[in-house]
Amino acid sequence: MKIRSWIFLFFTTLLIGVVSAITVGLILKFPEDSSALEVLLYIFGLIGFGALFSVFSQMGFFAYLTVHRFGLGIFKSHRLWNGVQLVLIAVVLFDLFYLRYTSFHKEGDSLVNYILIPLAILAYGLVIAYVKVKQTSSVAFIPTLFFITVVTILEWVPVLKENNTLSLWMGFVPIMLCNTYQILMLHRLLQSNQSKSSKQTKPTAL
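This write-up is about the structure you can find in this document. Note that the structure is predicted; figures quoted are calculated from it, not measured.

Attention now moves to the packing of aromatic side chains. In the structure shown here, the tally under the stated rule is 15 aromatic pairs. When the centroid spacing of 5.5 Å and the interplanar angle of 90° are considered together, the rings of Tyr 101 and Tyr 114 count as edge-to-face. With a gap of 13 residues between them, Tyr 101 in helix α3 (residues 78–104) and Tyr 114 in helix α4 (residues 112–135) connect regions that are remote in the sequence. When the ring of Trp 156 is compared with that of Phe 172, the centres are 4.7 Å apart and the planes differ by 45°; the resulting orientation is tilted.

As structure tokens, then:
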């Protein structure tokens, strides 16, 4: 990826993180009885929060691209590497349920509350992977699913430990939107970097 494309991806992803954090923060906890200065300070805090998780998202994205290439090099086969990723997806989703349940479950809590989040992330990952395949090829399905599920959950861990509803959503929404944007923009940016004289073909990978 060229520097110009990386800069574009960085700042647009940063903007998505900031806007989504402000939106979620104001919806979940609008400081109604606060002064204008306090509201402004609260918004500045949301901007910093969104920017921070946007950077986490971008670090995770480029880290996964590197790991993906290493994985293909080590296993020498898309099918074998995809199998490894599927196992990791299952393990991480189960851990998300199990660790939250054992850490935060209280008597009377419904088990559904702990199952719903992993299932929702999996369902969302399947939808984004399907969209990615429609835009590229079937080769991208498992890597996209892995990135949207496993990498998102790992980036979400710092706020998961707090088990605070506001923090959970303010961390999750920016990370998920930033990750979705990056994975769906990558092949477009790579295509735009191709020479105009070359024949434009449908991408076959991430």
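With that settled, the discussion passes to the environment of Asn 163. Within the secondary structure layout, Asn 163 lies in the loop between α5 (141–160) and α6 (165–192). Looking at Asn 163, the relative accessible area reads 31%, which means it is partly exposed. C-alpha of Asn 163 to C-alpha of Gly 60: the two residues are 103 residues apart in sequence and 22 Å apart in space. Residue contacts for Asn 163: discarding those within four places in its chain leaves Arg 100, Phe 104 and Leu 168.

Tracing the sequence through the fold places Gln 182 in helix α6. A polar contact is formed between the side chain of Gln 182 and the side chain of Ser 57, at a distance of 2.8 Å.

What follows covers the packing of helix α1 (residues 3–28) against α6. Two numbers describe how α1 lies on α6: the axes approach to 9 Å, and their chain directions differ by 155°. By the angle between their axes, α1 is roughly antiparallel relative to α6. Crossing angle aside, the handedness with which α1 passes α6 is right-handed. Facing α1, whose interface residues are Ser 5, Phe 8, Leu 9, Thr 12, Thr 13, Ile 16, Gly 17, Ser 20, Ala 21, Val 24, Gly 25 and Leu 28, α6 presents Leu 166, Trp 169, Met 170, Val 173, Pro 174, Leu 177, Cys 178, Tyr 181, Gln 182, Met 185, Leu 189 and Ser 192. Its residues assigned to classes, the contact of α1 with α6 shows 16 nonpolar, eight polar and no charged.

Basis of the calculations
- Residues numbered from 1 in each chain as written.
- Predicted model: local features only at pLDDT ≥ 70, side-chain atom pairs only at ≥ 80, totals over all residues.
- Heavy atoms only, no water.
- Phe/Tyr/Trp six-rings, centres within 6.5 Å; stacked < 30°, edge-to-face > 60°.
- Helix = DSSP H or I, 4+ residues; strand = E, 2+ residues; numbered from the N terminus.
- Buried < 20%, exposed > 50% of the residue type's maximum accessible area, 1.4 Å probe, protein only.
- Contact = heavy atoms within 4.5 Å.
- Polar contact = N/O pair within 3.5 Å; in protein donor to acceptor, adjacent residues only side chain to side chain.
- Axes fitted to C-alpha atoms, helices over the stretch in contact; angles between N-to-C directions.
- Parallel < 35°, antiparallel > 145°, perpendicular 65-115°, else oblique.
- Left-handed = near helix turned anticlockwise from the far one by under 90°.
- Nonpolar A, V, L, I, M, F, W, Y, C, P; charged D, E, K, R; others polar.

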